[in-house]
Amino acid sequence: MSFKKGLLFLVLILAVSGVACQKKGSDSANNLNRIHFDYDSSSISPSQVKVIDSNIKYLKKHTATNIVVEGHCDERGTNEYNLALGDQRAEAAKDYMERKGVSEKRIRTVSYGEERPVDKGKSEASYYKNRRDEFVRR
């Protein structure tokens, strides 16, 4: 296999596995990264604290930036349940950010439930990608 084909293969494997190029928020220029949640949970897991802390650091440096925290779910569960869970996820991030010093006036929340998946697959990896909060500049 040539070097070029090998490199292309590696990039493809990383992209499929979700390792390469995690999308940042809804706009890669906004320097805010999404966080993910465990199944049926709105608790920010220890593995996601570093990510949300990075978002807080950005917001403290850019004091004119206001955001919307968008709560999302995977497709399992009813529409009503997922809207409520998405709301709990967005509120959990907002509460955490407020406790760390970001003014509540700068943060709005919205839940999209299962309506805006980033991955339409039916695997646990796909479901994980969809259980998230997006941090979008407004």
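### As for the sheet that holds strand β4 (residues 132–137)
The strand order across the open sheet formed by 4 strands is β1-β4-β2-β3, and the pairing between neighbours is mixed. Every interior strand has two partners, whereas the edge strands, β1 (35–36) and β3 (107–113), have only one. Here helix α3 (residues 79–99) sits on the sheet and contacts β1, β2 (67–72), β3 and β4; the angle it forms with β3, its principal contact strand, is near 155°.

### Examining the side chain of S126
Along the polypeptide, S126 turns up in helix α4 (residues 124–130). What S126 contacts, discounting residues up to four positions off in sequence, is D119 and G121.

### Regarding helix α2 (residues 46–61)
For α2, which comprises 16 residues, the first-to-last C-alpha distance of 24 Å matches the rise-based estimate of 22 Å (1.5 Å per residue) to within 8%. Here α2 has its buried residues at Q48, I52, N55, I56, Y58 and L59. Seen end-on, α2 carries its buried residues on one side only, within an arc spanning 160°. The exposed residues of α2 that point more than 90 degrees off its buried face are P46, K50, K57 and K61. For α2, the elements touching its buried residues are β1, β2, α3, α4 and β4.

### Focus on the pairing of β4
In terms of burial, β4 is a largely internal element, 5 of the 6 residues being buried. Where β1 meets β4, 2 bridges bridge the pair, whose relative direction is antiparallel. By the bridge assignment, I35 is partnered in β4 with D133.

### Things to note about the confidence of the model for the protein chain
Confidence in the prediction of the protein chain, expressed as mean pLDDT, is 85, and 78% of residues score 70 or more. Scored below 50 in pLDDT, residues 3–28 makes 20 contacts in the model with residues more than four places away or belonging to other chains.

### Structural notes on the side chain of R106
By the secondary structure assignment, R106 is in the loop between α3 and β3. In this structure R106 is buried but unpaired, with E98 as the nearest side chain of opposite charge at 11 Å. A distance of 2.9 Å separates a polar atom in the side chain of R106 from the backbone oxygen of L59. The residues touching R106, leaving out its near neighbours within four places in the chain, are L59, H62, T63, T65, N66, I67 and R138.

### Notes on the pattern of salt bridges
Within this structure, the stated rule accounts for 9 salt bridges. Across the pair E134 and R34 runs a salt bridge whose closest N-O atoms are separated by 2.9 Å. You can see E134 sitting in strand β4 and its partner R34 sitting in the loop between α1 (3–17) and β1, a full 100 residues away along the chain. Among the residues examined, E134 registers a relative accessible area of 2% and is labelled buried. As a salt-bridge pair, E98 and K94 come within 3.8 Å of each other at their nearest N and O atoms. Taken together, the residues span about one helical turn, with E98 and K94 both in helix α3 at a distance of 4 residues. Judged by its relative accessible area of 28%, E98 is partly exposed. Residue classification places K94 among the buried positions, given a relative accessible area of 15%.

Conventions adopted
Residues numbered from 1 in each chain as written. Predicted model: local features only at pLDDT ≥ 70, side-chain atom pairs only at ≥ 80, totals over all residues. Heavy atoms only, no water. Pairing = 2+ DSSP bridges. Helix = DSSP H or I, 4+ residues; strand = E, 2+ residues; numbered from the N terminus. Contact = heavy atoms within 4.5 Å. Axes fitted to C-alpha atoms, helices over the stretch in contact; angles between N-to-C directions. Expected span 1.5 Å × (residues − 1). Buried < 20%, exposed > 50% of the residue type's maximum accessible area, 1.4 Å probe, protein only. Arc of directions from axis to C-beta. pLDDT = per-residue confidence, 0-100. Lys, Arg positive; Asp, Glu negative; His and termini not counted. Salt bridge = Lys/Arg side-chain N within 4 Å of Asp/Glu carboxyl O. Polar contact = N/O pair within 3.5 Å; in protein donor to acceptor, adjacent residues only side chain to side chain.

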